[in-house]
Number of protein chains: 2
Amino acid sequence: MKIYNFEDSLLTDTQRGIEIVAPHLKKVEGIYGYVDSSFDDSYIPVISGGGAGHEPSDWGFVGGNMLTASITGKLFEPPMPEEIIKVAKAVTKKKRAFFIIKNFEKDVRVFKQAIEYLRNIGWSIEYGIVNDDISVDASSLRKYRRGLAGTILIEKIIGTLAKKGKSLVDLKMVCEQLLPETKTIGLAFSDSILYKKSCHTLSLGKDDIYYGIGIHGEAGYRKEHWQKSELMAREIVNKMRLNFRWQKKENVALLVNNIGKISPMEELTFTADITELLELEGLNIPFIKTGSFMTSHDMSGISVSILRLQDKWLEYLKQPSTCYAWPNSI
Amino acid sequence: MKIYNFEDSLLTDTQRGIEIVAPHLKKVEGIYGYVDSSFDDSYIPVISGGGAGHEPSDWGFVGGNMLTASITGKLFEPPMPEEIIKVAKAVTKKKRAFFIIKNFEKDVRVFKQAIEYLRNIGWSIEYGIVNDDISVDASSLRKYRRGLAGTILIEKIIGTLAKKGKSLVDLKMVCEQLLPETKTIGLAFSDSILYKKSCHTLSLGKDDIYYGIGIHGEAGYRKEHWQKSELMAREIVNKMRLNFRWQKKENVALLVNNIGKISPMEELTFTADITELLELEGLNIPFIKTGSFMTSHDMSGISVSILRLQDKWLEYLKQPSTCYAWPNSI
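Quantities reported herein were computed from a predicted structural model and do not represent experimental measurements.

Visitor: How should I be thinking about the overall build of chain A in this particular structure?
Guide: Scanning chain A for helices and strands turns up 10 helices and 12 strands. Taking 2.2 N^0.38 as the reference for a compact globule, 330 residues should give roughly 20 Å; the C-alpha atoms of chain A span a radius of gyration of 19 Å, in line with that estimate. Considering only C-alpha atoms, chain A reaches an extent of 55 × 50 × 40 Å along its principal axes. Within chain A, the fraction of its 330 residues that count as buried is 65%. Look at the contacts in chain A between residues 6 or more apart in sequence, and 71% of them connect residues 24 or more apart. Accessible area for chain A stands at about 12100 Å²; split by element, carbon and sulfur atoms hold 50% of it.

As structure tokens, then:
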């Protein structure tokens, strides 16, 4: 971390920046919450959130055809239930919302508390818990299925459907179809100073790779000595094949996410290696994006998300968004 | 550098990635050159290029309302004159082009050689040499005025004007107005392994900042111990004020460019600090972008570009582009 004022002001400094670069966001006073100011309360709002330190998630995806609002907590800590409730109330008068939650124990707890409260006061709420991380071993399947960058693909599809006027039941149904078809593996090359102060440390040596890490520095499934890009890509595609059990000619969307400190040359090299290995598997990949979608502040790493496409999902992914961080380029 | 196959394949690996993520680009066979496949030869093509290692420059800005074609050399080395000529011929049958060249000695030499050759065989060519770097001391003014990320703003405006059907003379005239109004200062926090192998090394300690560096690791104007973001921003705004001699209420565009290894939180913090200091100067800033525009592979740093806006330049900056790396978000 090279650019900051005080460690204590990291979040408020980031928020000052957000308000400057994304003026279409309406700040929810007193918290790290943003609402799409173009939202007219005619369709169901889609809300997501989690810890800070993963920018441009989630505020960067607030805008037409993606999220309606975001709520962020402290660094690597989810918001409080009261903050989630405050954002929901700031978004809509219609007492209804769809939440997209990442599968981290603390995140799930606070969002469920907020949802329970809102339901008790008469709100209609549905939600999906994204558990795209497949860095699992058989004995700890539940523990390791965290919410990672695959969340962004789900937010895009659900956000687009919400804007089309779909019902809560419809959104819930599509989300439940999307969840098992969205899989991610991350890998890290370095810890960060900030992790070392928090509960996690990856204890990585200078030339180590750690496959399967989480975005708060949670342990992965295997530590190895550095390998060339193609071999890293092969490890990830092998894991994906085992999990997806895909058939030739299936359509998938691919998101290669820069967790941090990876140059464009590296992003492109890795995207090419992953894509070519998936094509060797006989898959069609009509949607490929690379860039910084869900980072982990001050860490070096990359993640690969694959979504097995069904029906109209590709069309929804391709709809432009007015949010800050979705790449609308052709 | 963590993700690569072989150092020798860095460029071809990057090109494999480009062809996957930006399928609207037509590759010029045998070289690192790309042409906007939507170009219909009805307006004057705008071509830029330089060394590799600065991705997404320049290929990422090839598309409607920006560049028509790009040509890239080896790592931190410009293309050869024959490669520039080959790209120009691949772009247009109409023997006319506008070149945007960054002010590095080798770049200027090869582009001028190519332009001389093309003019000798009957082409109409105009060009601009971007020298936005103001990291100068009085005695070496010429030497240090390199072409940096301000080039991107000039490419946007000239590319939009070209697409509107402006003549070569018009493009030249606007470019000459833009050049003195576009100023950049970069700063680096680290050298890269690749620099150390090439002719430049910044010799930076772990907690050093080097103000005024170039994107190939050229020396800056002052090395200092790390400071907080606001003080770094102040140093840059002070240099800008001395160079621009701006008046209150002038309009400027601001581009905060991630040279590499800076997280979104850091980009946003720095953007906020720079913006607020410029506002304290009484300036209006109707255009602000931050992100990775012109990187320096495997280096840690950031740069600030300011363009004093005139006439319709803001409108041209705001026109969407179909290129890969221009942020079309609102």
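What follows continues from the structure just given.
Visitor: Just to check I follow, could you spell out the packing of helix α5 (residues 150-163) of chain A against helix α6 (residues 168-178) of chain A for this structure?
Guide: Two quantities define a packed helix pair, namely the angle between the axes and the distance from one axis to the other. Residue and element names in this part refer to chain A. One can describe the packing of α5 onto α6 by two numbers: an axis separation of 10 Å at closest approach and a directional angle of 160°. Between α5 and α6, the angle falls in the class roughly antiparallel. Viewed along their axes, α5 and α6 form a crossing whose handedness is right-handed. Seen from α5, the contacting residues are Ile154, Ile157, Ile158, Leu161 and Ala162; seen from α6, they are Leu171, Val174, Cys175 and Leu178. Class assignment of the residues belonging to the contact of α5 with α6 gives a composition of nine nonpolar, no polar and no charged.

Visitor: It is not clear to me how the relation of the copies chain B and chain A should be interpreted in this structure. Could you clarify?
Guide: Both copies of the chain are related by a screw-like operation: a rotation about an axis and a shift along it. Overlay of chain B on chain A (RMSD 0.0 Å): rotation 180°, translation along the axis 0.0 Å. Taken together, these values place the two copies in the relation of a two-fold axis. Closest approach to the rotation axis within chain B is made by the C-alpha atom of Lys261 of chain B, at a distance of 2.1 Å. When the interface residues of chain B are mapped onto chain A, 100% of them again lie at the interface, so the same face is used by both copies.

Visitor: Please explain the domain arrangement of chain A as it appears in this structure.
Guide: How big an interface is tends to be expressed through the accessible area that disappears when the partners come together. Residues and elements named next belong to chain A. Taken as a whole, chain A is organised into domain 1 (7-180) and domain 2 (182-318). Measuring from the centre of the C-alpha atoms in domain 1 to the corresponding centre in domain 2 gives 22 Å. Counting residues at the interface gives 38 residues for domain 1 and 35 residues for domain 2. Summed over both partners, the interface of domain 1 with domain 2 buries about 3200 Å², with 65% contributed by carbon and sulfur atoms. Broken down residue by residue, the surface that domain 1 buries against domain 2 is led by Phe76, Ile134 and Leu153, which jointly contribute 21%. Taken together, the links from domain 1 to domain 2 amount to zero salt bridges. At the boundary of domain 1 and domain 2, one finds 17 residue pairs in polar contact (both at pLDDT 80 or more). Those elements that place two or more of their residues in the side of domain 1 that touches domain 2 are α5 and α6. For the side of domain 1 that touches domain 2, the element with the highest residue contribution is α5, accounting for nine residues.

Visitor: What is the right way to read the packing of aromatic side chains from this model?
Guide: Think of a pair of aromatic rings as described by two things: how far the centres are apart, and how the planes are tilted against each other in angle. Within this structure, the stated rule accounts for 18 aromatic pairs over all chains. Residues Tyr32 of chain A and Tyr34 of chain A carry aromatic rings whose centres are separated by 6.1 Å and whose planes lie at 90° to one another, so their mutual orientation is edge-to-face. The two residues Tyr32 of chain A and Tyr34 of chain A agree in class, both being buried. Relative to Phe293 of chain A, the ring of Phe61 of chain A has its centre 6.4 Å away and its plane inclined at 15°; by these criteria the two rings are stacked. In this pair, Phe61 of chain A is assigned in the loop between β3 (46-52) and β4 (69-75) and Phe293 of chain A in the loop between β11 (284-291) and β12 (300-308), connecting sequence segments 232 residues apart. Residue class for Phe293 of chain A comes out buried when judged on its relative accessible area of 2%. Positioned above the aromatic ring of Phe244 of chain A is the side chain of Lys183 of chain A, whose terminal nitrogen or guanidinium carbon lies 5.0 Å from the ring centre. One residue, Lys156 of chain B, lies across the ring of Trp326 of chain B, its end atom 5.7 Å from the ring centre.

Visitor: Quick question: what am I supposed to make of the sheet that holds strand β6 (residues 124-130) of chain B here?
Guide: Strand pairing in a sheet is mediated by backbone hydrogen bonds. Such pairs are either parallel or antiparallel. Residue and element names in this part refer to chain B. Reading across from one edge, β1-β2-β4-β3-β5-β6 is the order of the six strands in this open sheet, with mixed pairing throughout. One side of each edge strand has no neighbouring strand; the edge strands of this open sheet are β1 (25-28) and β6. In this sheet, adjacent strand axes meet at a mean angle of 25° when their direction is disregarded. In this structure, β1 lies alongside strand β2 (residues 32-36), joined through four bridges in antiparallel fashion. Within β2, the position partnered with Lys27 by the bridge is Tyr34. Most of the contacts of helix α5 (residues 150-163) go to strand β5 (residues 96-102), to which it runs at about 170°, and overall it touches β3 (46-52), β5 and β6.

Visitor: Can you walk me through the interface of chain B and chain A in this structure?
Guide: Listed per partner, the contact involves 55 residues of chain B and 55 residues of chain A. In total, chain B and chain A occlude about 4800 Å² of area from one another, counting both sides; carbon and sulfur atoms represent 65% of this. In terms of surface lost to chain A, no three residues of chain B exceed Lys2, Ile3 and Met265 of chain B, which account for 19% of the buried area on that side. Summed over the shared surface of chain B and chain A, the number is four salt bridges. For Glu276 of chain A, the salt bridge goes to Arg16 of chain B, with nearest N and O atoms at 2.6 Å.

Visitor: What should I look at first to understand the pairing of β2 of chain B in this one?
Guide: For a regular strand, side-chain orientation follows a simple rule: the groups alternate between the two sheet faces. All names here are of chain B. Across the five residues of β2, five count as buried, placing the element largely inside the fold. Side chains of β2 alternate between two faces, with Tyr32, Tyr34 and Asp36 and Gly33 and Val35 buried alike. Here β1 folds back onto β2, and the loop between the two strands holds three residues, one of which, Gly30, carries a positive phi near 85°. Pairing geometry for β2 and strand β4 (residues 69-75), over four bridges, is antiparallel.

Visitor: Could you clarify how one ought to interpret α5 of chain A in this entry?
Guide: At 3.6 residues per turn, the α-helix brings residues three or four places apart onto the same side. With 14 residues, α5 of chain A ought to run about 20 Å at 1.5 Å a step, and its terminal C-alpha atoms sit 20 Å apart, in line with that. Most of α5 of chain A is tucked away, with 13 of its 14 residues classed as buried.

Visitor: What's the story with the nonpolar core in this structure? I'm lost.
Guide: Generally speaking, soluble globular proteins have nonpolar side chains that are buried together. Ranked by internal contacts, the top residues of the largest apolar core, which has 109 residues, are Trp59, Phe99 and Ile158 of chain A together with Phe270 of chain B. Look past the residues within four positions of Phe270 of chain B in its chain and what remains in contact with it is Ile3 of chain A together with Leu187, Ser229, Met232, Ala233, Ile236, Val256, Ile302 and Val304 of chain B. Core analysis: the second largest hydrophobic core is formed by 108 residues, Val256 and Leu278 of chain A together with Val174 and Ala325 of chain B among them.

Visitor: I would appreciate a short explanation of the packing of helix α2 (residues 81-91) of chain A against helix α3 (residues 105-120) of chain A in the present structure.
Guide: Residues and elements named next belong to chain A. Where α2 contacts α3, the two axes come as close as 8 Å, and the packing angle between them is 50°. Judged by the angle between their axes, α2 and α3 are oblique. Remark: the crossing between α2 and α3 carries right-handed chirality. Here Pro81, Ile84, Ile85, Ala88 and Lys89 of α2 lie close against α3, whose contacting residues are Val110, Phe111, Gln113, Ala114, Tyr117 and Leu118. For the contact of α2 with α3, the residue count by class is nine nonpolar, one polar and one charged.

Scoring rules and cut-offs
Residues numbered from 1 in each chain as written. Chains lettered and ligands numbered in written order. Predicted model: local features only at pLDDT ≥ 70, side-chain atom pairs only at ≥ 80, totals over all residues. Heavy atoms only, no water. Helix = DSSP H or I, 4+ residues; strand = E, 2+ residues; numbered from the N terminus. Rg over C-alpha atoms; globule rule 2.2 N^0.38 Å. Buried < 20%, exposed > 50% of the residue type's maximum accessible area, 1.4 Å probe, protein only. Contact = heavy atoms within 4.5 Å. Areas by Shrake-Rupley, 256 points an atom, 1.4 Å probe, with all protein chains shown as cover. Axes fitted to C-alpha atoms, helices over the stretch in contact; angles between N-to-C directions. Parallel < 35°, antiparallel > 145°, perpendicular 65-115°, else oblique. Left-handed = near helix turned anticlockwise from the far one by under 90°. Nonpolar A, V, L, I, M, F, W, Y, C, P; charged D, E, K, R; others polar. Least-squares fit on C-alpha atoms with pLDDT ≥ 70 in both. Domains from an automatic or database assignment. Buried area = accessible area lost by both parts, 1.4 Å probe. Salt bridge = Lys/Arg side-chain N within 4 Å of Asp/Glu carboxyl O. Polar contact = N/O pair within 3.5 Å; in protein donor to acceptor, adjacent residues only side chain to side chain. Phe/Tyr/Trp six-rings, centres within 6.5 Å; stacked < 30°, edge-to-face > 60°. Lys NZ or Arg CZ within 6 Å of the ring centre and 35° of its normal. Pairing = 2+ DSSP bridges. Expected span 1.5 Å × (residues − 1). Core = buried A, V, L, I, M, F, W, Y, C linked by side-chain atoms within 4.5 Å.

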